[in-house]
Every structure is written in structure tokens, then in C-alpha cells.
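# Chains, contacts and geometry: an overview
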Amino acid sequence: MPNHDDAHDAQKPIVLTLNNEDPNQYSLENSNALLYMSYNQGADHGSSEAGYVSTTAPWVYADMLFGTVAPGGVIVKEIARDSFKDQAQWKDLAGDQGASNYVRLMVQATMMQDTENHTSPNNWGDPLVQAFYGMKYGENPDFAYSCFILPIVQTEKEEEDSSGNKSMVVYSSQAAKAGEPFTVYCLLNNNGADGITTVQVKDGENVVAEKIMTVTADSWRVVEMEVTLDTAGEHTLTIGDQTGIINITE
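Treat the numbers as computed from the prediction; the structure is a model and nothing was measured.

Right, let's get into the sheet that holds strand S7 (residues 166-177). The mixed open sheet is built from six strands, whose spatial order is S6-S7-S13-S12-S9-S10. Of all strands in the sheet, those with a lone pairing partner are strand S6 (152-160) and strand S10 (206-215), marking the two edges. For this sheet, the mean angle separating the axes of adjacent strands, direction not counted, is 35 degrees.

Have a look at this one:
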């Protein structure tokens, strides 16, 4: 049986079907379309009943693949990037995958003060697939990047003015150490339909980090990525059309 590499070489689309198995980063990155069925209801009249189908029937997949039906809907549960983040989420808030405790408490306090006007948003945290992500076909996202943030290092230096008075002056610069990871951030805006993209951090022409992101229509998500550069000197990093310069020291 041919594998996904053969299909890519033949320029044939790959459709993965997952029956009661959560999508993961591999399935999203290695398919042109993804069909995820979560229905699973066991028989309630004894396990000895032969031929009872308790999962999604295969002809449902076929109808979707051949265009007999046009599915649409939402994923009501966020899909975590890994099992550890799935276990770490707060169960009292919907859609908090990968958010820090500080941010979680801010949202919790806002909701407690005004429950009528504030609910838990679905575009924060760091899930692989966010809650209420659409499952429409034939529509195009329109991604735009903004607010590229590099790490800031502050240093103090004693300086003397023309009168001989000395004082400590604080200087800020975008810097990190060679061989040590640092974190970059940006906003990923989607001005089109629900969509998925792979965000890349480039050092010149070289990709030094990448991360798959899903964003619903007319929404945004914060992108947080870890980068490590081994060569000292000045580096120009880009995410989308955003550019920043960082000094890597020994």
C-alpha cells in the first residue's frame, strides 16, 4: 500500500480519517484534509449483539469524500499539543489549554466579576486545535502577523556627566546567549475564514523554529516559540512580514 510520501510525490491529496482518536500535530501536518469523528456510543442491550455499529459508519466518510454531503460544524473541545498539557488544564474553565496560571486567574477574576458579559475566550492559551474551531471546506484564511517581540536584556552602567556627577544608567537591548533557548512572541491575526498555518521563525533564510497554529475566522492568537541560536553576533529574525534584530553573545 502506498504511504503518504508516495501520495505527495504523485501530487495526490491525502485525507486522514480519525474515528474517536484526537488529531495531533503529525496528522495535521501530513494531510490535505482531516475527518475527525467523535461519536462512539456502545450498545445498551448487551455485548453479545452481533454487527452492532457503535462508531461512525464508513459510508459517512465516503459521502464526505465524494461530495455527497458538505459537512460543517465546530470542535467543542480543545485539542492539546501533548498529553501533559491536557492533564494540566483547569477543569473549571473551558478552553484554557497551555495558558499560564497568571493569565488563567485574570480570566477567572474577570468572569467572576461580570459573568453576563465575559466568558472564557477560545483564542488564548496554546492548544493545537482551539475550541469552536470551524470544520468548513473550500474557504480560505487570511493570516497577518504583528507585534513581533524579542527578549529584552537590561544592563546598568555608571556614567559621569560634564559636571563630574556620577549616576547609574539603565540600558535595554534585544539580546540572548549563544546556545541557550529564548522565547519570541507575535500576534497571528486571521482576517479570513477558519484556517491552519505553520508559523516559522527564520534567521536570514534558515528556519530555526516552527509551530502549527489554528485560528478561527476574524480572530487572533498569541504565538509563543522557543528559539536557540548557536552563533554569536547580530541576527535578523523574521516571522511572516515582521522583522527584528537580536544580538547573540558568547
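From this point, things continue past the structure.
All right, on to the side chain of Thr216 then. Of note, Thr216 is situated in the loop between S10 and strand S11 (219-227). Setting aside residues no more than four positions away along its own chain, Thr216 makes contact with Asn122, Gln130, Phe132, Tyr133, Asn190 and Asp194.

With that settled, the discussion passes to the nonpolar core. Core analysis: the biggest nonpolar cluster contains 21 residues, and Phe182, Val184, Val199, Ile239 and Ile246 have the highest contact counts within it. Of all elements in the fold, only strand S5 (143-149), strand S8 (182-190), strand S9 (195-203), S10, S11, strand S12 (233-239) and strand S13 (242-249) reach the threshold of two or more residues within this core. Ranked by residues supplied to this core, first place goes to S8 with four residues. Beyond its immediate stretch of four places on either side in the chain, Phe182 contacts Pro151, Ala176, Met225, Glu226, Val227, Leu229, Leu237, Ile246 and Ile248. Residues Leu28, Ile79, Leu128 and Tyr133 belong to the second largest nonpolar core, which totals seven residues.

Scanning the model with the defined rule gives three salt bridges in all. Residues Asp126 and Lys211 are paired through a salt bridge, measuring 2.9 Å at the closest nitrogen-oxygen approach. One end of the pair, Asp126, is in the loop between helix H5 (101-113) and strand S4 (133-134); the other, Lys211, is in strand S10, and 85 residues separate them in sequence. Both residues of the pair, Asp126 and Lys211, belong to the buried class. Its salt-bridge partner being Arg221, residue Asp126 comes within 4.0 Å of it at the nearest N-O pair. In this pair, Asp126 sits in the loop between H5 and S4 while Arg221 sits in strand S11, placing the two residues 95 residues apart along the sequence. Under the relative-accessibility criterion, Asp126 is labelled buried at 9%. Each of Arg81, Asp126, Lys211 and Arg221 takes part in one network of salt bridges that share partners.

Parameters and conventions
Residues numbered from 1 in each chain as written. Predicted model: local features only at pLDDT ≥ 70, side-chain atom pairs only at ≥ 80, totals over all residues. Heavy atoms only, no water. Pairing = 2+ DSSP bridges. Helix = DSSP H or I, 4+ residues; strand = E, 2+ residues; numbered from the N terminus. Axes fitted to C-alpha atoms, helices over the stretch in contact; angles between N-to-C directions. Contact = heavy atoms within 4.5 Å. Core = buried A, V, L, I, M, F, W, Y, C linked by side-chain atoms within 4.5 Å. Buried < 20%, exposed > 50% of the residue type's maximum accessible area, 1.4 Å probe, protein only. Salt bridge = Lys/Arg side-chain N within 4 Å of Asp/Glu carboxyl O.

Limitation: the analysis is restricted to geometry and does not speak to function.
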